[in-house]
Amino acid sequence: MLYALKIAIRYLTANKAQTALLVTGVAVGVFIFIFMSALIGGLAEFILSRTVGDISHITIEAEDRDPAVLIDVPGHVLTVTERGRTRTATLAEAETWLPLIEAVPGVRAVSPQITGAGFLTRGAQVSQVSVTGVEPGRESAILDLDGYIVEGTARLGSGLIVLGRDLADDLALSLGQTVRLQSSGGVTALLTLSGIFETGNGAMDGARAFVSLPVARTLYSMPQGVTRIEIKLDDLNAADATALRIRSLTGLDAVPWTDGAEQLMEALNAQAQTGYFLKSFALITIVIGVASALMLSTYRRRPEIGIMRAMGAGRNFVVFVFVTQGALIGLLGGILGAALGYLALLPFPPRDAFEPGTLPMDITQGSYGLAITLTVIGAILASILPARAASRVDPVTAIGQ
Amino acid sequence: MITLLEVRDLVKTYGTGEAATRVLRGLSLRLEAGEMAALLGPSGAGKSTLLTILGTLMKPTSGTYEMLRHDMIAADDRALTEFRNAHIGFVFQFHNLLPDFTALENVVFPTAVREGRETPAARTRGRDLLVRMGLANRIDFPTANLSGGQKQRVAVARALMNAPDLVLADEPTGNLDRASAMQVMDLIGEINREEGTTFLISTHDEKIAAFCRRQIEVADGVVTG
């Protein structure tokens, strides 16, 4: 079919202006496809990084079981079960599981934590805080504490505490000053402010305190174990599968971030669906454009098709000539559109440097290969109808035209 | 003499019902291999229809057609296409060359379409044919740049490319001036004499008919002489 390819190329090059217009039309469609892919993908990336980028992708918490009911007497007995407010469920064997979880593919960081409630007191000022005890050296494993530090350091140690900007302001605290932290269990520790962070999240900046794990052990009277393990993944979209894997590996109740984030997921899905629609319309435009152009070409070349048939060209040969033209138009338009799309996306900042107020275009999500492949397939499909029409041309009628 | 083709009782009707037009009305004809025959007759006599059927581009409404002992009526489209490519050449009144191709590319088309590519051997034969047609200096010219006579000589070369047993020429000189017409006919006569290729030439022109050793007259859809 090398000869059919030659004829297809000759037909395309015989009318350069028309072919150039056709290829440009296809390229515009591919450009839109790639632009939409990069925009929708980048937008999803941006939303996810802003909403779940700083939270744990998988969380393991100890199951807080109801106390056992020990009453067993004949007759009807009414009982009320009430959980103790001060009792905290613990993952007593967390140390055993950590290396195992860290070895799971896709796990970027693991942070064992002791969390609880407490009160910060400085003079007459008292603020309720949520206390998180993290291992020294793993302060930024989940939340990028280092990145949010505006004063001091995120490094935690014995007798140190890191607070949010709003909380520090409320207590009129500055670096190096001491503050009294009383846990919900009544244990009190005198701690020195070593760092102030500012995330832009009011709930975080105004009510969160970070201490080292040993300090938290003292505060919550927990000589061993932790209350939760937070896990960060390389790909947050793999949370469901990885959580399942950790659950089957350890038997612990690993919960992915997607649990309870149905609304966010629905919004992202709706956004992705919109992208699919727009990309489908771009492809349909390409298919219609190629089909109509080849239909016209078929009509214009009817006498030539008749001559070819008279000279011994079979129907399949004619089909191949026109389908090849469609494929070549799709390939050229696809490559041109992909190249233009890539060049147009180059000036946008990379995905890890998205800034508010700019279009979050992700050049890596341009789906270039997919765009070219779908365009070639679409162009081939579009050319089948004209090609079949060409193969059915009656040589006698066509030659007489 | 070896019989190249024979048709019996050919009937061809165009249209149906009241609009039906019967162009061939039981035409019978036999051509021997190596003949050079002229097909004469007034317009509407059925000459072009007969050539189209003999060229396997159209089937008759009824009748029989055998060429080289092959039943041309029973054969399917694929078989007829292959047969046509191997055994039949065409020369049309308006040359009907492929406009986006050079003279050589037009000539090698029948071989290339069969081989799937332009083989060196095909290109060599194509060149030889064009040289023989007096077009040595036009071999790689786009056909759009050739004169009417030159185009028709390219068309003759293309018809001869696969060394066919039969060349069907429908008014091959009808669109040429007298000098060009005689030049084309001289070439056709030369090929017929030297290679034994059978020619059936449809014409209105008595002088062209006089070039041929046999004259077949068609009138009202039958052979009359």
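Cut-offs applied
- Residues numbered from 1 in each chain as written.
- Chains lettered and ligands numbered in written order.
- Predicted model: local features only at pLDDT ≥ 70, side-chain atom pairs only at ≥ 80, totals over all residues.
- Heavy atoms only, no water.
- Salt bridge = Lys/Arg side-chain N within 4 Å of Asp/Glu carboxyl O.
- Helix = DSSP H or I, 4+ residues; strand = E, 2+ residues; numbered from the N terminus.
- Buried < 20%, exposed > 50% of the residue type's maximum accessible area, 1.4 Å probe, protein only.
- Contact = heavy atoms within 4.5 Å.
- Buried area = accessible area lost by both parts, 1.4 Å probe.
- Polar contact = N/O pair within 3.5 Å; in protein donor to acceptor, adjacent residues only side chain to side chain.
- Nonpolar A, V, L, I, M, F, W, Y, C, P; charged D, E, K, R; others polar.
- Patch = residues over 30% accessible without salt bridge, like charges linked within 9 Å, V, L, I, M, F, W, Y side chains within 5 Å.
- Areas by Shrake-Rupley, 256 points an atom, 1.4 Å probe, with all protein chains shown as cover.
- Lys, Arg positive; Asp, Glu negative; His and termini not counted.
- Charge placed at Lys NZ, Arg CZ, Asp CG, Glu CD.

S.K.: It is not clear to me how the pattern of salt bridges should be interpreted in this structure. Could you clarify?
M.R.: It is possible for side chains of opposite charge to pair when their charged atoms get near one another. Tallying each qualifying case throughout the model produces 23 salt bridges over all chains. Close ionic contact of aspartate 100 of chain B with arginine 301 of chain A constitutes a salt bridge, the shortest N to O distance being 2.8 Å. Of this pair, aspartate 100 of chain B sits in the loop between β6 (88–91) and α3 (103–115) while arginine 301 of chain A is found in the loop between α9 (262–300) and α10 (302–310), placing the two residues in two different chains. Using a relative accessible area of 25% as the deciding quantity, one classes aspartate 100 of chain B as partly exposed. The residue glutamate 118 of chain B makes a salt bridge to arginine 123 of chain B at a minimum N-O spacing of 2.7 Å. Each of Lys6 and Arg10 of chain A together with Glu105, Glu118 and Arg123 of chain B takes part in a single network of salt bridges with overlapping partners.

S.K.: Is there a simple way to explain the environment of glutamine 93 of chain B in this structure?
M.R.: Residues and elements named next belong to chain B. Tracing the chain through its elements places glutamine 93 in the loop between β6 and α3. On the basis of relative accessibility, which here comes to 27%, the residue glutamine 93 falls in the partly exposed class. Ignoring sequence-local partners within four residues, the contact set of glutamine 93 consists of Gln152, Asp170, Glu171, Gly174 and Asn175.

S.K.: Just checking my understanding: could you explain the interface of chain B and chain A for this structure?
M.R.: Across the boundary between the two partners, chain B contributes 25 residues, which contact 25 residues of chain A. Summing the contributions of chain B and of chain A, the shared interface buries around 2200 Å²; its carbon and sulfur component is 63%. Contact with chain A buries area across many residues of chain B, yet Asp100, Phe101 and Phe109 of chain B alone supply 25% of it, more than any other trio. Across the chain B-chain A interface, the total number found is six salt bridges. Between chain B and chain A we count 11 residue pairs in polar contact (both at pLDDT 80 or more) in total. Residue assignment for the side of chain B that touches chain A shows that the elements contributing at least two residues are α2 (77–87) and α3 of chain B. Looking at side-chain class alone, the side of chain B that touches chain A contains 12 nonpolar, five polar and eight charged residues.

S.K.: What am I meant to see in a negative patch on the surface here?
M.R.: On the surface, Asp240, Asp259, Glu262 and Glu266 of chain A cluster together into a negatively charged patch. Judged by its relative accessible area of 41%, aspartate 240 of chain A falls in the partly exposed class.

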